[in-house]
Amino acid sequence: MVETATKLVVKDYKSDVKPTWCPGCGDFGVLSASLKALAELQLKKEDVVVVSGIGCSGRMTYFLTPYGMHGLHGRAIPLATGVKFANPDLTVLVMAGDGDLFSIGAGHLPHAAARNVDITVICMDNQTYGLTKAQASPTSKIGHTSKSTPHGVISEPANPVLTALSSGATFVARGYSAKPPQLQDLIVRGIQHKGFAFVHVQSPCTEFHDTFDYYNERIEQLPDDWDPSDREAAIRLALTDDREYLGLFYQTERPVYETTAREWAPINDEFDVETYLAQFA
Amino acid sequence: MVETATKLVVKDYKSDVKPTWCPGCGDFGVLSASLKALAELQLKKEDVVVVSGIGCSGRMTYFLTPYGMHGLHGRAIPLATGVKFANPDLTVLVMAGDGDLFSIGAGHLPHAAARNVDITVICMDNQTYGLTKAQASPTSKIGHTSKSTPHGVISEPANPVLTALSSGATFVARGYSAKPPQLQDLIVRGIQHKGFAFVHVQSPCTEFHDTFDYYNERIEQLPDDWDPSDREAAIRLALTDDREYLGLFYQTERPVYETTAREWAPINDEFDVETYLAQFA
Amino acid sequence: MPSKNEIIIRLAGEGGEGVISTGDIFTLGSARSGYNVFTFRTYPAEIKGGHAWYHIRVGSSSIRSMGDGVDVLVAFNAEAYHIHHHLLNPGGVLIYDPDTVTPENSDAIQYPIPFNRIARKDLEFVRGKNVVVTGFLAGLFGLEPASLEDLIRNRFKRRPEILDKNMKALETGVAYATKEITKSDPFYLSETNKVGRLVMSGNDAISAGALYAGCRYYAGYPITPASEILETMARELPRLGGISLQAEDEIASIASCIGASFSGVKAMTATSGPGFSLMTEFMGYAGMAEIPLVLIDAQRAGPSTGMPTKLEQGDLNHSLYGGHGDFPRIVIAPGDVKDCFHQIVNAFNMAERYQTICVFLSDQSLSHRTETLTKPDVSTIPVIDREKPTDGDLEGYLRYLNTETGISPMSIPGMKGGAYTSAGLEHDEAGHVDKPMESHLMMVPKRYRKIETARREMEKPNRYGVVDATIGLIGWGSTQGVIEEAVDRVNANGIKAAAMHPKVLCPLPDEELQAFIDSVDYVLVPEVNYSGQFAHYLQANLNVKPVRLNKYDGLPFTPGEIVAKIEEVASHG
Amino acid sequence: MPSKNEIIIRLAGEGGEGVISTGDIFTLGSARSGYNVFTFRTYPAEIKGGHAWYHIRVGSSSIRSMGDGVDVLVAFNAEAYHIHHHLLNPGGVLIYDPDTVTPENSDAIQYPIPFNRIARKDLEFVRGKNVVVTGFLAGLFGLEPASLEDLIRNRFKRRPEILDKNMKALETGVAYATKEITKSDPFYLSETNKVGRLVMSGNDAISAGALYAGCRYYAGYPITPASEILETMARELPRLGGISLQAEDEIASIASCIGASFSGVKAMTATSGPGFSLMTEFMGYAGMAEIPLVLIDAQRAGPSTGMPTKLEQGDLNHSLYGGHGDFPRIVIAPGDVKDCFHQIVNAFNMAERYQTICVFLSDQSLSHRTETLTKPDVSTIPVIDREKPTDGDLEGYLRYLNTETGISPMSIPGMKGGAYTSAGLEHDEAGHVDKPMESHLMMVPKRYRKIETARREMEKPNRYGVVDATIGLIGWGSTQGVIEEAVDRVNANGIKAAAMHPKVLCPLPDEELQAFIDSVDYVLVPEVNYSGQFAHYLQANLNVKPVRLNKYDGLPFTPGEIVAKIEEVASHG
Ligand SMILES: Cc1ncc(C[n+]2csc(CCOP(=O)(O)OP(=O)(O)O)c2C)c(N)n1
Ligand SMILES: Cc1ncc(C[n+]2csc(CCOP(=O)(O)OP(=O)(O)O)c2C)c(N)n1
Ligand code: SF4
Ligand code: SF4
Ligand SMILES: [Mg+2]
Ligand SMILES: [Mg+2]
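As the structure is a computational prediction, the values presented were derived from the model and not from experiment.

S.K.: Which residues make up the overall build of chain A, and what values go with them?
M.R.: When helices and strands are counted, chain A shows twelve helices and ten strands. Scaling as 2.2 N^0.38, a compact globule of 281 residues should have a C-alpha radius of gyration of about 19 Å, and chain A matches this with 20 Å. The dimensions of chain A, computed from C-alpha atoms along their principal axes, are 70 × 50 × 40 Å. Going through the 281 residues of chain A one by one, you find that 66% of them count as buried. Intrachain contacts of chain A at a sequence separation of at least 6 include 71% that bridge at least 24 residues.

S.K.: If you had to explain the site of ligand 3 to someone new, which residues and values would you point to?
M.R.: Around ligand 3 sit Trp-21, Cys-22, Cys-25, Cys-56, Asn-126, Cys-205, Thr-206, Glu-207 and Phe-208 of chain A together with Ile-47 of chain D, and those are all the residues in its vicinity. Near ligand 3, the surrounding residues are drawn from chains A and D.

S.K.: Describe in detail the coordination of the magnesium ion (ligand 6), supporting the description with residues and values.
M.R.: All names here are of chain B. Ligation of the magnesium ion (ligand 6) by protein atoms is provided by Asp-98 (OD), Asn-126 (OD1) and Thr-128 (O), these donors lying 2.0 to 2.3 Å from the ion. Along the chain, the residues donating to the magnesium ion (ligand 6) are arranged with the sequence spacing D-x27-N-x1-T. Looking at Asn-126, the relative accessible area reads 10%, which means it is buried.

S.K.: Describe the sheet that holds strand 19 (residues 504-506) of chain C, and please don't skip the residues or the numbers.
M.R.: Residue and element names in this part refer to chain C. Ordered in space as 9-8-10-11-13-12-19, the seven strands form an open sheet in which the pairing is mixed. Taken across any chain shown, the strands that pair with only one partner, and hence form the sheet edges, are strand 9 (243-246) and strand 19. For this sheet, the mean angle separating the axes of adjacent strands, direction not counted, is 20 degrees.

S.K.: A description of the domain arrangement of chain C should follow, citing residues and the corresponding values.
M.R.: Residues and elements named next belong to chain C. Split into domains, chain C comes out as domain 1 (6-180), domain 2 (199-380), domain 3 (387-459) and domain 4 (463-572). The gap between the C-alpha centroids of domain 1 and domain 2 is 33 Å. Buried surface at the junction of domain 1 and domain 2, both sides included, amounts to about 1,200 Å², of which 55% is carbon and sulfur. Counting across the interface, domain 1 meets domain 2 through zero salt bridges. When residues in the side of domain 1 that touches domain 2 are grouped by element, the largest group, seven residues, is from strand 2 (residues 36-42).

S.K.: Account for the coordination of the magnesium ion (ligand 5), naming residues and giving values.
M.R.: All names here are of chain A. Within the protein, the atoms that donate to the magnesium ion (ligand 5) are Asp-98 (OD), Asn-126 (OD1) and Thr-128 (O), at distances of 2.0 to 2.2 Å. Counting gaps between the donor residues of the magnesium ion (ligand 5) yields the pattern D-x27-N-x1-T. Linking Asp-98 in helix 5 (residues 98-104) with Asn-126 in the loop between strand 4 (120-125) and strand 5 (128-129), this pair joins segments that are 28 residues apart in sequence.

S.K.: Would you mind going over the packing of aromatic side chains in detail, with residue names and values included?
M.R.: Two measures describe an aromatic ring pair: the distance that separates the ring centres and the angle between the ring planes. In the structure shown here, the tally under the stated rule is 48 aromatic pairs over all chains. Measuring from centroid to centroid gives 5.6 Å for Tyr-129 of chain B and Tyr-221 of chain C, while their planes differ by 70 degrees, and the two rings are edge-to-face. Pair noted here: Tyr-129 of chain B is in strand 5 (residues 128-129) and Tyr-221 of chain C is in the loop between strand 8 (217-220) and helix 8 (227-236), and the two residues belong to different chains. The class of Tyr-129 of chain B is buried, set by a relative accessible area of 6%. Clustering of aromatic rings is evident, with ring pairs tying together Tyr-67 of chain A together with Phe-262, Tyr-400 and Tyr-420 of chain C. Of note, Arg-329 of chain C hangs over the ring of Phe-327 of chain C, and the distance from its end group to the ring centre comes to 4.1 Å. One cation-aromatic arrangement involves Arg-10 of chain D over Trp-53 of chain D; the distance from NZ or CZ to the ring centre is 3.8 Å.

S.K.: Would you mind going over a negative patch on the surface in detail, with residue names and values included?
M.R.: The grouping of Asp-224, Asp-225, Asp-227 and Asp-230 of chain A at the surface amounts to a negative patch. For Asp-225 of chain A, the position within the fold is in the loop between strand 9 (219-221) and helix 10 (231-239).

S.K.: Got a sec to walk through the interface of chain C and chain D? Specific residues and values, please.
M.R.: With 55 residues of chain C in contact, the opposing surface of chain D contributes 55 residues. Summed over both partners, the interface of chain C with chain D buries about 5,100 Å², with 62% contributed by carbon and sulfur atoms. Inspection of the region where chain C meets chain D yields zero salt bridges. Among the elements of the structure, helix 10 (273-278), helix 11 (280-289), helix 12 (316-321), helix 16 (436-457) and helix 19 (533-541) of chain C are those that each provide at least two residues to the side of chain C that touches chain D. Taken together, the residues that form the side of chain C that touches chain D break down as 23 nonpolar, 23 polar and nine charged.

S.K.: Help me get a handle on the relation of the copies chain C and chain D, residues and values and all.
M.R.: When chain C is fitted onto chain D, the two copies agree to an RMSD of 0.1 Å after a turn of 180 degrees and an axial shift of 0.0 Å. What the superposition gives is, in effect, a two-fold axis relating one chain to the other. Comparing contact sets, 100% of the residues at the interface of chain C also lie at the interface in chain D, consistent with an isologous, same-surface contact.

S.K.: Tell me what's going on with the interface of chain C and chain A, and back it up with residues and numbers.
M.R.: Taken together, the 61 residues of chain C in the interface contact 48 residues of chain A. With both chains or domains summed, chain C and chain A bury close to 4,300 Å², and 65% of this area falls on carbon and sulfur atoms. If you sort the residues of chain C by the area they bury against chain A, Ile-243, Glu-248 and Thr-421 of chain C come out on top, with a joint share of 14%. For the interface between chain C and chain A, the tally reads two salt bridges. Here Glu-274 of chain A ties to Lys-375 of chain C by a salt bridge, and the two come within 2.6 Å at their closest N and O atoms. Scanning the region where chain C abuts chain A turns up 15 residue pairs in polar contact (both at pLDDT 80 or more). Elements with a minimum of two residues in the side of chain C that touches chain A: strand 7 (197-201), helix 7 (202-213), helix 8, strand 9, helix 9 (250-262), helix 11 and strand 15 (421-423) of chain C. No other element matches helix 9 of chain C, which puts eight residues into the side of chain C that touches chain A. By the bridge criterion, three bridges tie strand 2 (residues 67-70) of chain A to strand 15 of chain C in an arrangement that is parallel. Bridge pairing in strand 15 of chain C places Met-69 of chain A opposite Ser-422 of chain C.

S.K.: Explain helix 13 (residues 337-354) of chain C residue by residue, including any values.
M.R.: Residues and elements named next belong to chain C. Compared with an ideal rise of 1.5 Å per residue, which puts 18 residues at 26 Å, helix 13 spans 25 Å between its outermost C-alpha atoms and is within 8% of the ideal. Among the 18 residues that make up helix 13, 15 are buried, leaving the element largely enclosed by the rest of the structure. With a side-chain oxygen lying 3.3 Å from the backbone nitrogen of Lys-338, the N-terminal cap of helix 13 falls on Asp-336. Positive backbone phi, approximately 45 degrees, marks Gln-355, located one or two places after helix 13.

S.K.: Lay out the side chain of Ser-33 of chain C with the relevant residues and their values.
M.R.: All names here are of chain C. With respect to the secondary-structure elements, Ser-33 resides in the loop between helix 1 (19-32) and strand 2. Residue Ser-33 is classed as buried on the basis of its relative accessible area of 10%. In terms of polar contacts, Ser-33 uses its side chain to reach the backbone carbonyl oxygen of Gly-29, at 2.8 Å.

S.K.: Let's hear about the pattern of salt bridges: which residues, and what values?
M.R.: Counted under the stated rule, the structure contains 72 salt bridges over all chains. The partner of Arg-218 of chain A in a salt bridge is Glu-217 of chain A, and the shortest N-O contact between them spans 3.9 Å. Under the relative-accessibility criterion, Arg-218 of chain A is labelled partly exposed at 24%. In this structure Glu-217 of chain A comes out as exposed when scored by relative accessible area, which is 60%. Among the ionic pairs, Arg-235 of chain D bridges to Glu-236 of chain D, the shortest N-O distance being 3.2 Å. Salt bridges sharing partners connect three or more residues here, namely Glu-6, Arg-57, Asp-68, Glu-485 and Arg-489 of chain C.

S.K.: Tell me about the sheet that holds strand 17 (residues 471-474) of chain C, and name the residues and values.
M.R.: Residue and element names in this part refer to chain C. Spatially, 16-18-17-20-21 is the arrangement adopted by the five strands of the open sheet, whose pairing is mixed. Taken across any chain shown, the strands that pair with only one partner, and hence form the sheet edges, are strand 16 (463-465) and strand 21 (547-550). Across the sheet, the mean angle separating the axes of adjacent strands is 25 degrees when strand polarity is ignored. Judged from the three bridges that link them, strand 17 and strand 20 (residues 522-527) form a sheet pairing that is parallel. Within strand 20, the position partnered with Gly-472 by the bridge is Val-523. Docked against the sheet, helix 19 engages strand 17, strand 20 and strand 21, running at close to 140 degrees with respect to strand 20. Against the sheet, helix 20 (residues 559-572) touches strand 17, strand 20 and strand 21, its axis set at about 155 degrees to strand 21.

S.K.: I'd like a rundown of the environment of Ile-83 of chain D, residues and numbers included.
M.R.: Residues and elements named next belong to chain D. Along the chain, Ile-83 falls in helix 2 (residues 78-84). On the accessibility criterion, Ile-83 (35% relative accessible area) is partly exposed. For the pair formed by Ile-83 and Tyr-522, sequence separation is 439 residues and the distance between their alpha carbons is 36 Å.

Conventions we followed
Residues numbered from 1 in each chain as written. Chains lettered and ligands numbered in written order. Predicted model: local features only at pLDDT ≥ 70, side-chain atom pairs only at ≥ 80, totals over all residues. Heavy atoms only, no water. Helix = DSSP H or I, 4+ residues; strand = E, 2+ residues; numbered from the N terminus. Rg over C-alpha atoms; globule rule 2.2 N^0.38 Å. Buried < 20%, exposed > 50% of the residue type's maximum accessible area, 1.4 Å probe, protein only. Contact = heavy atoms within 4.5 Å. Near = heavy atom within 4 Å. Donors = N, O, S within 2.8 Å, 3.2 Å for Na, K, Ca; no water. Pairing = 2+ DSSP bridges. Axes fitted to C-alpha atoms, helices over the stretch in contact; angles between N-to-C directions. Domains from an automatic or database assignment. Buried area = accessible area lost by both parts, 1.4 Å probe. Salt bridge = Lys/Arg side-chain N within 4 Å of Asp/Glu carboxyl O. Phe/Tyr/Trp six-rings, centres within 6.5 Å; stacked < 30°, edge-to-face > 60°. Lys NZ or Arg CZ within 6 Å of the ring centre and 35° of its normal. Patch = residues over 30% accessible without salt bridge, like charges linked within 9 Å, V, L, I, M, F, W, Y side chains within 5 Å. Areas by Shrake-Rupley, 256 points an atom, 1.4 Å probe, with all protein chains shown as cover. Lys, Arg positive; Asp, Glu negative; His and termini not counted. Charge placed at Lys NZ, Arg CZ, Asp CG, Glu CD. Nonpolar A, V, L, I, M, F, W, Y, C, P; charged D, E, K, R; others polar. Least-squares fit on C-alpha atoms with pLDDT ≥ 70 in both. Polar contact = N/O pair within 3.5 Å; in protein donor to acceptor, adjacent residues only side chain to side chain. Expected span 1.5 Å × (residues − 1).

As C-alpha cells, then:
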C-alpha cells in the first residue's frame, strides 16, 4: 500500500549526530518524546523548523533531521517568530533551556505569548546552567549552592508555568523527561494547538544538579476532571509549590497574529512600483 | 524651633527645569504626587536617587532635585539595582514608561522582583510611545490604531499589575495620575516598604492617546476590606478587565537581596592582598 | 533688480507651533508646482516646546544642499529671530509678527505680518496661524495657490469642520502678501516644468525601494529618525502578503528578521544608534550563519541617546568594526534621496547575493529631508535573489559548500533534501559543529572570500569634477550633494577640484579610490563627526593621509563651509 | 645522555576522561615543587565527550610560552594518539595504554602503561586512572610525590571514602614508573628553588588584582572563558562588604555595574564575545555620562557563538570601535598572567581617573592558562580613585565641568550639594539637556581630551631585544611571552630583532611605537586572528605597513611559528 510505504517513523527524524549529552541527562527524554511526537503527527521533515537556544538543551537541533536554527542565547523565540511569520505553513518548535527562556530571554516570551504566535515552545528546565558548568539558573530553588552562588540562591525561583499563564499563552502544559509518553502527548497537542503553546519540561541535569529523586517524589498528575479552560484555576495550581503537577494546565482559542496580520488587506502579491511611486508625484 | 526650620517642603525637591511635557499630560500628576511623597517622607535629597528610562516619562529626573540617572531605554531597573546594591542606604526610585518597563525592558522586572531588591518602581503607563510620537505600546488595547499599527493592535495587552504579582513583587499597587493624593500615598508606602515595590500608574498621554475619559469611567477603588496579603485574590482582581482597580493590591515581607547578600560572611572591609595571594603560593 | 528664482527659506519657532507643518506644506506645494526642493528640519527631542526650525531651499534648477545662509527668515517668535537673524544673506528678507518680534536695525528687508492676531481675531482660529504664513509665502513668491489648496484639502479631508477655516487662512495669507505689504525683495518662483518628478523623504525612498527589491518582512522598534520606515512598512506590507512587526525591542527585531530570512523571505529592520548597538550580537550571527539581512541605521548624533533629532555621521565605525570576532559585512551609504531608492535595492541585492548582513547608513538629515527627484527608472535597477540549490545540489546537500566565490546555494524550509541547522557555532560545509578547528580554518576564508567577490562585482564609484584636479574630496553618505556643489563652485573660481563618493563602503572600492588619490595632490575628507571615522578607515586601507574637515554641531554642511576648506587647502598647496 | 630539565608534556583524550584533572594536578604539583609552568588547555564546548587536551611546559628556568612541539605525549586513547603523535619532538616520549593504543613504528621512546586495567583491576577504582597517570609522570620525571599527595589530600578532603583510593592510585603510578619500566629518556625535573612564587591562572590574577584595586561590585552572566571571575567574586566580595550579582543577562550586568559606579563603588563585569556585543549600548552610556567602569572581555574564537573553548584575539575591533557615535574609551590588554594582576589594577586606575569605560582584553588562553609568577610587589602598584568634588566645588557644583584635562570631579549620592542627573543625552556642564548643540560642541572635545590626558600620563611600552634590530615585532595581549621567546631565539642565531608590546592599546602610545617602527627596517605584527585587527589599527594611526602573521586555528602561537616568520622576513630583506 502506498500509505504504509510513506509512513514516517521515529528514525526519519533522528539525525546521524550522536547526542553529546552526559549519560542519564534529562534531555534524552525530551529528544525521544519529540521524535515520537513528530512521527505521530507524520510531519514532513522539510516542513518543520526547530529553533533552539544556546545551552546543553540547545544542541537539540543537531540531533534532529528537520530544518534547524541553533540561534543565540535567549533569542530562540524571536527567531522562531520570524521563521513562522515569513512562512505560516511551517511547523515551528522552540527548544531551549531555563536560562535561555527565563534569564537572558525573559523579555521575549511574554510578547510572543501576547501575540499568540503559532509556535510551540518547549522549555527544558534543569534548574541550572548546564553548558557553562553549573551556575545557578532562574529556576534554581532558594538555598541552592552552585559555582556562582557559593552562599546559596537568595532569589525567588522563576515559575515558568505561571509566567506563561499570566503572559497570555493559549496553551500551557508541564511534562517530565522521565515520563516520555505523556511528554510526547503534550508536545503533539502543543503542535496541534493553533496559537502559542508552552510546554514546561522538568529535565534534570545528572551531571551538575540531579533532581530526578526530588521530582519523582513530588510529581502529581493534574486531577482527572481538570478543566483546562479555567485560567484562574490554572494559575492557582501553578502557585502551589509543594507538588509538581503534570499535564495540560490551560488551553484557549484566540486569533493568531500571523493570520490576523494578513487579513488586514486583500492580498495582491505584486508590488506595482509605478503606482506606488505615483503617490509622491 | 530647629525642627520646623529644617523641614523639607515640596519646593525642595522640584528643580528649576520647567517640565517639557504637553499641557495636560498625565505625567504632571505623577510629578506632583512624587514631590509630595518625598516631602512627606522628609527624605534628604542627597540620599535619594531617581533612575528613569527613555521616554516622555523618563524626563522626570530633570524636574527633580535629588540625584538622578537618566538611563537607557528599558534599563532603569538594572541601573537602579546597581545603585541600590552599592549603597543600600539610598532611597532608590525608578520612574519609567510602559514601553520602557514592559517592552524593551520586559526581561528585567521579573528578576528584580524575584530578588526583592529594595527599590520602588513607578510605571507611568500611557498605553503609547509618547516620545517617539504615538506608536503602539505593549499596554495598548486590542484594536488601538496608531502610527505603527495602522490596522489596529492585535496583541493581548500586557498587564503590569499581574506581571508584577506573578514575578514575586512584594508590594504591588495601582494609582491614577488624576488622583494625586492617593498616588502620593501609594508612592510613600512603596518607598517605606522593605523590598521590591511596584506602583502602576495610569498616566494618559493627552497629545496622542487621551484616555482620561476612559479611565474616569472605569476606575474603582479596591474594596475597603481588601486583604493585601492574599496573592491569589490580588491576581484574580488583576485579571478583571472591565474595571480598573486602584489601591494596594498586595504586600508581603521577604528577605531583601542586598541585605541577605551581605549577611553571608562577617564583613572585613580591608582586602589583605598578601593573605589572599598566599593561597596561590 | 533681477529676480532670483532660487530661495533659501528658514522657518523657526517653538516646537509644536506649526513650524514643521508650515514647512511641510510649503515644501510640498512648491514641489507640486514643479520646483526643486531640498529641506532640513530639526526640532527638540521633547514633544512640545523647545526650538524647532525648518530649512527649505527651493528653485527651478537642480538643488543639492541646504545652500549657504538664509534668504528669507520667518521668525515665529523672538527667540527664533535672535538665533537665526545673523544668518540672513545680504539683501535677505525677514518675515515676523510685529506683536512678538522687534527686529534690530539691519539691512534686511522686513515684512511684518501679525499672523497671530490675524489667526486669533480675524479668523477666530488660533491654530490657523501656520497656514496664514504658508499663504503669505506663496503670495510673496508667486507660488500658484492651487497646489497648496489641494494639499490642505487632502490634509484635512477627514476633518471638514476645520477644512474651511484652513482654506480661509490660506487665502488670507496670500491676500496679505499681495495687498498689505510692498514687495521689495527680488525672490520670485517663476514657472517651471513639472514632468516626471517625485518629492520624497529619504525614509520614503528607502521604504519604496525596499518594497521594490522584494522585502516582504519587516520588524523594527520605534526610534527617531527611523520610525517612519516602520510606519510605512506596517501600512504597506499586509497587502503584499508580507508582515511587519513592531517588535518588543531591537534584539527581537533583528532576530525575527533573521528568522524570516532563514525562511526564504527578504527581510529588513531599521533603527538608529541605540538600537543599532543592541543589534550587534545578531550582526555576527548573520555573518556566521550566512543569512541575508538588510539593517538600516538612520544615524543621529551620539554617543548614547545623544541628540536624537540632530545629524551625525557617527556610526560608520560600528558598521565596519562592531561585533566580536571576524565576520564579513556589507556597508552601504546612499548619497541623496534618489540614491536611497537605488542603494536600498543594491543593499538587498548584495545581502542576498553574499548572504550576510548589509548595513545601510542613512542619517537624520537624509531620512527626514524632502527632495525632488526624477522618477527612478526601475528598468535599470535589477533585483537579485539569493542563490538556491538546484535539484542536483540537493543530493548530499552541503549548506556551506566551500566554493570559489565563497557563495553557497542556500536552501529554505520546505525544500526537500535541503534541511540543515544554521549555526552560530563554527561549522563545516554540512553545518556540523563537531570539528570546529578544521572548520574554522576552512570557513573563515570562505566567508571573507564573499567580500572579495563582492568587491569585484559591485558598482564602482564615479569621479565628479574637473579631470586635472589637484584637490580630491572623498565623502560618504548624505554629504554627496553639498560636496558636489562645493566642487562646482570652486571649479568655477579656478581651483581644480574633484570628488569621489563611494556608496559601497565595505568592501571598499580600493583600486578606484587609490587611483583617485594618486591623481591629486591633496585629499580632503569632509564628514559630519568629530573623530573622522571615514578618514581613519581610508588611512587604514589606502595610501593616504587626508586633510580632515569635521563638523559636529548636529547640522549638515553648507557648501560654503566646504568651499572655504578647499580654498584653504589650495592656498597652502 | 645529558638530562633535560624542561619538558613539554601533552595529555590528550576524551573530554571528561580525566585529561584536565591529570593536567591540573600535575601542573600544580610541579609548581608547588618550585618549577615554572605554563599551560594551555582546550576541551569541547560540550560537557561530555569530544577531544580534550592539556599542554604543560614545565622547567626550572623562566617559561613564557607553550614551546615547540611535544616532548612527552600521554595518549589516553587511540584518537589522541593519532591527532598528536606527529607533534612529538625527536627523542620524544610516548606514554600510552597498550590496551587501547597501538603505536606505529617511530623513533619515539615508548612507555606502555595499562592504566585502565590498573585502575579497574588492581585498584578496583575506575576513576582513579588519571591519578595513576599523574603518579606515573611524577615517578618518571623525579617529581617529589609529597606535593602531589598534598594536592590530592586537599582535593578529596570532603570525600574521605575516595581519598585513600586516590592516594593508592598515586603510589601505584609512581611505582610503575620507577619499577616496571626502564627509563630511557633524558627528562628529569631537578631540584629547584621555591621562593616567593605563585601559580595562578589569568582569571585568578584578574580577580585578585580587581579586589586589590578596590573593586567592590561585580555583576556578570556566566560565559566561557570568563565564568571563573564571576565565581571568585561571588565567593570573595561578601566578606569585603561588597556584592556580586549573577545578573539575568549581560545588559543587566553592565547596567548594574554602571549604577553601582554612579553610587561611588568601583565596579567590574566580565564576559566573552557574545556578551561583549550585548554590552555595546551601555559602553556608549558610560562614555557619554562619564562613569568609570571596567569591562573584561575574555576573548574566544568568534564570530557569534564561534568556538567557545578556543583562542582568538578577535575582539580588538569591537573594543576600539564598537558602539554608535564618537566616545572615548580605554582599551588594555595584559601580556601574561602576572601582567593580568598589574594591568587590571591599571584598568581600574584609568577607568576611575578618566571616568569612562575601560575594556580589558584577556582571552581563552590567558584566562585559562596556569603560569608561575613572582609575587607582585604591590607597594609598586598604586591604586587611584576617581576625583571627587571638594567642598568648594560643591558650591554651584558642575558635574561635567569643562576642565583642561577633560576630567571633572564626580560627586556621588549622599554628597550634599552634589546632586545632578547623569545623562546619556548630550548635556552641558551642569548636566542640563536643553541646549544640546552648544553642549555637543563643548562636550565632545572635552570627553576626548581625557584620552589625550591619559596618553600623556600612562605607562609607556618597553622595547625588548637587541638595540640595533632590523626587524621589529609589535604584538598585543597574550602573545607577549611567545613573541619575546622568538625574539630571544633569533637574536641568538644572528638575526637582529626586537619587540614592543603595548598594554594600553587605546589611547595608543603612538610616539613610542612610531619611534620603534622608524628604528627598524621591517615591522611584523603577529596576532591570533584572520583579519589582522591590530595591524589594521596600527596602519590607521601610524606610519607603517606591517608584515602580518595571522593564526586562526584556535590555538596559541608556538615560538617556532614566529621564528619562522622572522626568518622569512629577514631573508627577503
Ligand atoms: C549572550 C551569551 N551569554 C552567555 C552565553 C554562555 N552560555 C551558554 S549556554 C548558557 C546557559 C545555559 O543554561 P540553560 O539555558 O539553562 O541551558 P542548559 O545548558 O542548562 O540546557 C550560557 C550562559 C552565551 N552563549 N551567550
Ligand atoms: C534602544 C532604544 N530604542 C528605541 C529608542 C527610542 N525611544 C525613545 S522613548 C521610546 C518609547 C517611549 O515609550 P514609553 O517607554 O512608553 O515612554 P513614554 O514616552 O510613553 O512616557 C522609544 C522607543 C531608544 N531611545 N533607545
Ligand atoms: S551537563 Fe547536565 S544538562 Fe548538560 S548534558 Fe550533562 S547532564 Fe545534561
Ligand atoms: S506626548 Fe503624551 S506622554 Fe509625552 S508629554 Fe505629551 S502628553 Fe505627555
Ligand atoms: Mg538549564
Ligand atoms: Mg508610554
